[in-house]
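# Structural description and commentary
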Amino acid sequence: MDSSSPAWKALHEAFPCTIPIFAGFWFLAFAYGFYMYTLEFSFIYPTLMAMIIFGGSLEFVTVSMLLSPFAPWQALVVALTVQARHLFYGLSMLEKYKGTGWKKPFLIFWMCDETFALNYSSTIPYDVDRGWYYFWVSFLNYSYWVSGALLGGLLGTVIQFNAKGLSFVMTSMFLVIFMEQWLKEGKHYTALIGLVISLGALCLFGRDSFIIPAMAGMMLVLTIFRKPLEKAGGFL
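As a starting point, this report considers the structure included with it. Not measured: the values here are computed from a predicted model. Sequence order as written defines the numbering, with residues in each chain counted from 1. At least 70 in pLDDT is required for a residue's local features to be given in this predicted model, at least 80 for side-chain atom pairs to be given and counted, and no such filter applies to totals for whole chains, interfaces and linings, which use all residues. Remark: hydrogens and water are excluded; side-chain values derive from all non-hydrogen atoms of the structure.

### Quick notes on the packing of aromatic side chains
- Aromatic rings from Phe, Tyr and Trp, with only the six-membered ring used for Trp, were paired whenever their centres fell within 6.5 Å, and each pair was classed as stacked if the ring planes differed by under 30 degrees, edge-to-face if by over 60, and tilted otherwise. Under the defined criterion, the tally for this structure stands at 25 aromatic pairs.
- Aromatic pair Tyr-133 and Tyr-134: ring centres 6.2 Å apart, planes at 70 degrees, arrangement edge-to-face.
- Each residue is placed in one exposure class: buried if its accessible area under a 1.4 Å probe, protein chains only, is under 20% of its type's maximum, exposed if it is over 50%, and partly exposed if it falls in between. Accessibility expressed as a relative area gives 5% for Tyr-133, which makes it buried.
- Here, over-ring charges are defined by two tests on the NZ atom of lysine or the CZ atom of arginine: distance to the ring centre within 6 Å, and angle to the ring normal within 35 degrees. When the ring centre of Tyr-120 is taken as reference, the NZ or CZ atom of Lys-96 above it lies at 5.4 Å.
- Above the plane of the ring of Trp-132 lies Lys-103, whose end atom (NZ or CZ) is 4.6 Å from the centre.

Structural data, given as structure tokens:
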């Protein structure tokens with residue numbers, strides 16, 4: 001790849017931003033691949049599921065469904081419930097992904113929590129192609145997850161691995177992303193709105209069901225008050 005090409009410049013800018021994702025994804029995806037090995041699944045299963053489903057929590061749930069009686073409608077309902085938050089991600093990224101051309105289907109398919117957090121909050125230099133930047137962030141995160149699941153499935157035969165407590169890695173990573181975004185903002189209206197609505201939804205719906213109501217609430221409030229917030233400097 002030509003070092004002066006837009007794709008290369010975007011890769012050079014995007015890769016450092018994905019390093020925290022790499023650390024978190026490899027731990028969890030490796031644990032996922034190893035977990036499937038302990039249930040006597042071939043490494044092909046976690047690899048293909050990582051490539052096609054690409055939804056961490058849903059992939060773990062899918063393991064139990066594979067071990068249960070065939071119930072396609074139940075699987076559909078569970079998948080929609082677990083991944084419903086992506087509807088809100090998609091709505092939030094409509095404007096940012098506009099004009100990305102052939103890259104757009106890949107950006108949609110590779111969307112995940114971490115990719116959304118990076119692409120939505122990123123401050124892209126003026127001389128870096130926006131579409132290529134989004135593409136590389138999405139592709140790199142996708143490749144981290146798939147390769148981690150592949151390694152976990154392959155190396156499960158030769159190592160012992162205790163995955164207990166590793167889920168906190170992703171929580172820590174999101175805290176770092178949130179703090180970085182907080183420091184970038186001159187004013188913190190959107191961050192405070194997100195915190196207040198999330199805490200309210202947590203109190204009302206409980207920790208197992210608060211994510212979708214919280215995201216719906218944030219989407220509603222930010223849509224209604226977008227213009228006042230933009231005038232006040234509350235959006236990047």
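### Topic: the packing of helix H2 (residues 44-52) against helix H8 (residues 130-155)
- It is the contact of H2 with H8, at a shortest axis distance of 8 Å, that shows an interaxial angle of 170 degrees. By the angle between their axes, H2 is roughly antiparallel relative to H8. On the side of H2, the interface is formed by Pro-46, Thr-47, Ala-50 and Met-51, while H8 contributes Tyr-142, Trp-145, Val-146, Ala-149, Leu-150 and Gly-153.
- A breakdown of the residues in the contact of H2 with H8 according to their chemical character gives 8 nonpolar, 2 polar and no charged. Helix axes use the C-alpha atoms of the stretch in contact, all axes being lines fitted to C-alpha atoms, and the angles between their N-to-C directions lie in the range 0 to 180 degrees. Only DSSP runs of H or I covering at least 4 residues are called helices, and only runs of E covering at least 2 are called strands; the numbering of each starts at the N terminus. Throughout, the term roughly parallel applies to angles under 35 degrees, roughly antiparallel to angles over 145, roughly perpendicular to angles from 65 to 115, and oblique to all others. Between two residues, a contact is recorded if the distance between any of their heavy atoms is within 4.5 Å. Charged residues are taken to be Asp, Glu, Lys and Arg, nonpolar residues to be Ala, Val, Leu, Ile, Met, Phe, Trp, Tyr, Cys and Pro, and polar residues to be all remaining types, Gly included.

### With respect to the environment of Asn-119
- Along the chain, Asn-119 turns up in helix H7 (residues 113-121).
- For Asn-119, a relative accessible area of 0% translates into the label buried.
- The spacing of Asn-119 and Cys-17 is 102 residues in sequence and 9.9 Å in space, taken between C-alpha atoms.
- Pairs of N or O atoms within 3.5 Å make up the polar contacts considered here, provided that, within protein, one atom can donate a hydrogen while the other can accept it, and that residues adjacent in sequence are counted only when both atoms are side-chain atoms. Separated by 3.1 Å, the side chains of Asn-119 and Tyr-97 make a polar contact.

### Describing unusual backbone geometry
- We note that Glu-40 has phi near 70 degrees; this positive angle belongs to a residue other than glycine.
- Here Glu-40 shows up in the loop between helix H1 (6-38) and H2.

### With respect to the pattern of salt bridges
- The rule for a salt bridge is simple: a side-chain nitrogen of Lys or Arg has to be within 4 Å of a carboxyl oxygen of Asp or Glu. By the definition in use, this model includes 1 salt bridge.
- Note that Asp-127 is salt-bridged to Lys-9, the shortest N-O span being 3.5 Å. With a gap of 118 residues between them, Asp-127 in the loop between H7 and H8 and Lys-9 in helix H1 connect regions that are remote in the sequence.
- Residue Lys-9 is classed as partly exposed on the basis of its relative accessible area, which comes to 32%.

### Here we look at the side chain of Thr-62
- Turning to its location among the elements, Thr-62 is positioned in helix H3 (residues 56-66).
- Ignoring any residue separated from it by four or fewer positions in sequence, one finds Thr-62 in contact with Met-49 and Ile-53.

### Things to note about the packing of H1 against H8
- Where H1 contacts H8, the axes come no closer than 6 Å and their chain directions differ by 25 degrees. The orientation of H1 relative to H8 falls into the category roughly parallel. Handedness of the H1/H8 crossing: right-handed.
- Its residues assigned to classes, the contact of H1 with H8 comprises 27 nonpolar, 7 polar and 1 charged. In this scheme the handedness of a crossing depends on how the near helix is turned from the far one: anticlockwise by less than a right angle means left-handed, clockwise means right-handed.

### Points about the nonpolar core
- We define the nonpolar core as a collection of buried residues of types Ala, Val, Leu, Ile, Met, Phe, Trp, Tyr and Cys that are connected through side-chain atoms lying within 4.5 Å of one another. One finds Phe-25, Phe-54, Tyr-133, Trp-136 and Trp-145 to be the most contacted residues of the largest nonpolar core, which totals 39 residues.
- Counting residues per element, this core draws most heavily on H8, which supplies 12 residues.
- Excluding anything up to four places from it in sequence, Trp-145 contacts Phe-25, Leu-28, Ala-29, Ala-50, Phe-54, Gly-56 and Glu-59.

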